[in-house]
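Chain by chain, the residues:
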Amino acid sequence: MTGSTIGRIAVLGAGVMGTGIATVAVGRGVPVVLVDVDQATLGKATASIRQQTRLGRLMGSFDAAVADGELTTTTLVGAIAGAAAVIESVTEKADLKAMVLTAATAVVTPGTVVVSNTSAIPIDELAEHCARPEDVVGIHFMNPPYLIRTVELIRGPRSSDAAIAAAEALLARLGQTPVRVGDGPGFVINRVLQRSINEAARIVQDGVATPEAVDAAFTGCLGHRTGPLATADLIGLDNVVDSLHVLLERTGDEGYRPCELLLAKVKAGEFGRKTRRGFFEHEGAL
Ligand SMILES: NC(=O)c1ccc[n+]([C@@H]2O[C@H](COP(=O)([O-])OP(=O)(O)OC[C@H]3O[C@@H](n4cnc5c(N)ncnc54)[C@H](O)[C@@H]3O)[C@@H](O)[C@H]2O)c1
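Everything numeric in this text was worked out from a predicted model, so none of it was measured. Residue positions within a chain follow its written sequence, with the count starting from 1. A pLDDT threshold of at least 70 governs which residues receive local features in this predicted model, and a stricter bar of 80 or more applies before side-chain atom pairs are shown or counted, although totals over entire chains, interfaces and linings include all residues. Note: side-chain values were computed over all heavy atoms of the structure, leaving out hydrogens and water.

A.B. asks: Looking at this model, I keep getting lost on the overall build of the chain. Mind explaining?
C.D. replies: Summing up its helical and strand segments, the chain has 10 helices and 8 strands in all. Values of the radius of gyration come from C-alpha atoms, whereas the globule rule sets the reference at 2.2 Å times the count of residues to the power 0.38. Taking 286 residues into account, the globule formula puts the C-alpha radius of gyration at 19 Å, and the chain, at 18 Å, falls close to it. For the C-alpha atoms alone, the extent of the chain along its principal axes is close to 55 × 40 × 35 Å. Within the span of the chain, comprising 286 residues, buried residues form 49% of the whole. Of the contacts formed within the chain by residues at least 6 apart in sequence, a portion of 69% connects residues at least 24 apart. In these tables, accessible area is a Shrake-Rupley quantity obtained with a 1.4 Å probe, and a residue counts as shielded only by the protein chains included in the view. As presented, the chain carries roughly 12400 Å² of accessible surface, and 57% of it is formed by carbon and sulfur atoms. Each helix is a run of DSSP H or I of at least 4 residues and each strand a run of E of at least 2, with the numbering of both proceeding from the N terminus. The cut-offs for exposure are 20% and 50% of the maximum accessible area for each residue type, with area from a 1.4 Å probe on protein chains only; residues under the lower value are buried, those over the upper are exposed, and the others partly exposed. The contact criterion used is simple: two residues touch if any of their non-hydrogen atoms lie within 4.5 Å.

A.B. asks: Can you walk me through the environment of Ile-189 in this structure?
C.D. replies: With respect to the helices and strands, Ile-189 occurs in helix α6 (residues 189-205). As for Ile-189 and Ser-119, which are separated by 70 residues in sequence, their C-alpha atoms are 8.7 Å apart. When sequence neighbours within four positions are dropped, the list of residues in contact with Ile-189 reads His-140, Met-142 and Glu-152.

A.B. asks: Teacher, can you tell me more about the site of the ligand here?
C.D. replies: Throughout, near means a residue has at least one heavy atom within 4 Å of the molecule or strand. Around the ligand, the structure places 26 residues, and the nearest of them are Met-17, Asp-36, Glu-92, Lys-97 and Ser-119. One of the side-chain N or O atoms of Ser-119 is found 2.5 Å from an oxygen atom in the ligand. Expressed as a share of its isolated accessible area of 830 Å², the protein-covered part of the ligand is 87%. Of all the secondary-structure elements, those providing two or more residues to the shell around the ligand are α1 (16-27) and α3 (94-107). The greatest single-element share of the shell around the ligand, amounting to 4 residues, is contributed by α3. Each residue belonging to the shell around the ligand can be placed in one class, and the counts come to 11 nonpolar, 11 polar and 4 charged. As used in this structure description, the phrase polar contact means that two N or O atoms lie within 3.5 Å; if the pair is within protein, one of them must be able to donate a hydrogen and the other to accept it, and residues adjacent in sequence are counted only when both atoms belong to side chains. As a working rule, the residues Ala, Val, Leu, Ile, Met, Phe, Trp, Tyr, Cys and Pro are called nonpolar, Asp, Glu, Lys and Arg charged, and the rest polar, with Gly in that last group.

A.B. asks: Sorry if this is basic, but what is going on with the sheet that holds strand β3 (residues 71-74) here?
C.D. replies: Picture the strands of a sheet paired through backbone hydrogen bonds; they go either parallel or antiparallel. Here 8 strands make up an open sheet; going across it, the order is β3-β2-β1-β4-β5-β6-β7-β8 and the pairing mixed. Strand pairing shows two members of the sheet lacking a second neighbour, β3 and β8 (177-181), which therefore form its edges. Adjacent strand axes in the sheet meet at a mean angle of 25 degrees, parallel and antiparallel pairs treated alike. Only strands joined by at least two bridges in the DSSP assignment are considered to pair. Sheet analysis places strand β7 (residues 150-154) next to β8, joined by 5 bridges and oriented parallel. Bridging from a neighbouring strand, Glu-152 pairs with Val-179 of β8. A fitted line through C-alpha atoms serves as each axis, taken over the contacting stretch for helices, and the angle formed by two N-to-C directions is quoted from 0 to 180°.

A.B. asks: I would appreciate a short explanation of the nonpolar core in the present structure.
C.D. replies: The tendency in soluble globular proteins is for nonpolar side chains to be buried side by side. Residues grouped as a nonpolar core are buried Ala, Val, Leu, Ile, Met, Phe, Trp, Tyr and Cys residues, joined through side-chain atoms within 4.5 Å. The biggest cluster of nonpolar side chains holds 43 residues, and the ones touching the most others in it are Leu-12, Ile-80, Val-86, Leu-229, Val-240, Leu-262 and Phe-279. For this core, the element with the most residues is helix α9 (residues 237-251), which contributes 7 residues. Residues contacting Ile-80, with those up to four places away along its chain left out, are Ala-10, Leu-12, Val-33, Val-35, Val-86, Ala-104, Val-107 and Val-108. Counting 35 residues, the second largest nonpolar core, distinct from the first, contains Val-32, Leu-71, Ile-87 and Ile-164.

A.B. asks: What is the right way to look at the packing of aromatic side chains in this model?
C.D. replies: Describing an aromatic ring pair means giving the distance of the ring centres and the angle of the ring planes. Between the rings of Phe, Tyr and Trp (Trp by its six-membered ring), a pair exists once the centres lie within 6.5 Å; its type follows the angle of the planes, with under 30 degrees stacked, over 60 edge-to-face, and the other angles tilted. Overall, the coordinates contain 1 aromatic pair when judged by the stated rule. When the ring of Phe-62 is compared with that of Tyr-146, the centres are 6.3 Å apart and the planes differ by 40 degrees; the resulting orientation is tilted. Taken together, the residues span a long stretch of sequence, with Phe-62 in the loop between α2 (39-58) and β3 and Tyr-146 in the loop between β6 (136-140) and β7 at a distance of 84 residues. Note on geometry: a ring has a charge over it if NZ (lysine) or CZ (arginine) is within 6 Å of the ring centre and within 35 degrees of the ring normal. The lysine or arginine in question, Lys-265, covers the ring of Phe-279, its NZ or CZ lying 5.3 Å from the ring centre.

A.B. asks: Could you clarify how one ought to interpret α1 in this entry?
C.D. replies: Count 3.6 residues to each turn of an α-helix, and residues three or four apart come out pointing the same way. An expected span of 1.5 Å times one less than the residue number is assigned to each helix. In a regular helix each residue adds 1.5 Å, so 12 residues correspond to 16 Å; α1 covers 16 Å between its end C-alpha atoms and thus fits that length. The buried fraction of α1 amounts to 11 of the 12 residues, a majority that puts the element mostly inside the structure. Of all the positions in α1, only Met-17, Gly-18, Thr-19, Gly-20, Ile-21, Ala-22, Thr-23, Val-24, Ala-25, Val-26 and Gly-27 are classed as buried. Residues of α1 that are buried sit in contact with β1 (9-12), β2 (32-35), α2, β3, β4 (85-88) and α5 (161-174). Directly beyond the C-terminal end of α1, a positive phi value near 85 degrees is found at Gly-29.

So, in structure tokens, the structure goes:
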């Protein structure tokens, strides 16, 4: 799989990250087949990919001279047969990912690299459910990937050299730079970040500081580009809670137990930018 010759790639899951990853591919001229469970989600995702691709061109992420890759959407996982690479980005639930990966790896050609964009589930645990565990690697894309072009590339204990090489070629074609890391719950970023978000939410819950004050301390005092609670709203508080559960279940570390305020916000449907309200209000957000 070399730079310009990559064929159609499959993206499984058309949520926040699936649409972001598909945007990067489409914007760089790579054809994509995007899979989700219903047409309404796929329709919304198509509109979002078109909008993000336009924005990406305006912001210089994509070359204006390169035509968009063809975007095909489907609810049928069988439609990914023949894909040059598979990127799984469904909801952060281990049993759901296991089901989707089992179905996907049954239809792709042996030797096709199978990537999971999981936030926190160990790659080897997911590889267990795949037809060929050696074909599986992790790539933890950032949100949105057309603006943040560095990813964690996770090598599981059974990932083959060929799968890692294919993942690196895919990332080069997508204009993304890998940081190579090992396997384990949360890898590098989410092992640290999810715990920080939970603690920041607990600070608000305890009445020690407002969300604005927490984030102002991180941006002003530490020079972070965004504070932990704005980051949580960008990720999606539902995904934060799912990732914390994954980390808690696999480490037994109580620091990852989602605090009451996070659970209450998710119960109230306040997921952050995607519902326009989380720790902050997001007028006009996607
Ligand atoms: N949100 C982030 O900032 C972020 C960053 C990096 C990685 N991730 C990871 O990416 C993955 C997706 O997260 P998200 O934020 O896009 O979540 P999301 O809730 O926005 O999207 C998940 C999508 O998966 C779809 N889905 C569920 N079951 C499916 C199935 N059987 N077949 C096909 N599609 C199915 C859902 O319908 C939904 O559209 C998760 O593993 C998450 O941890 C998220």
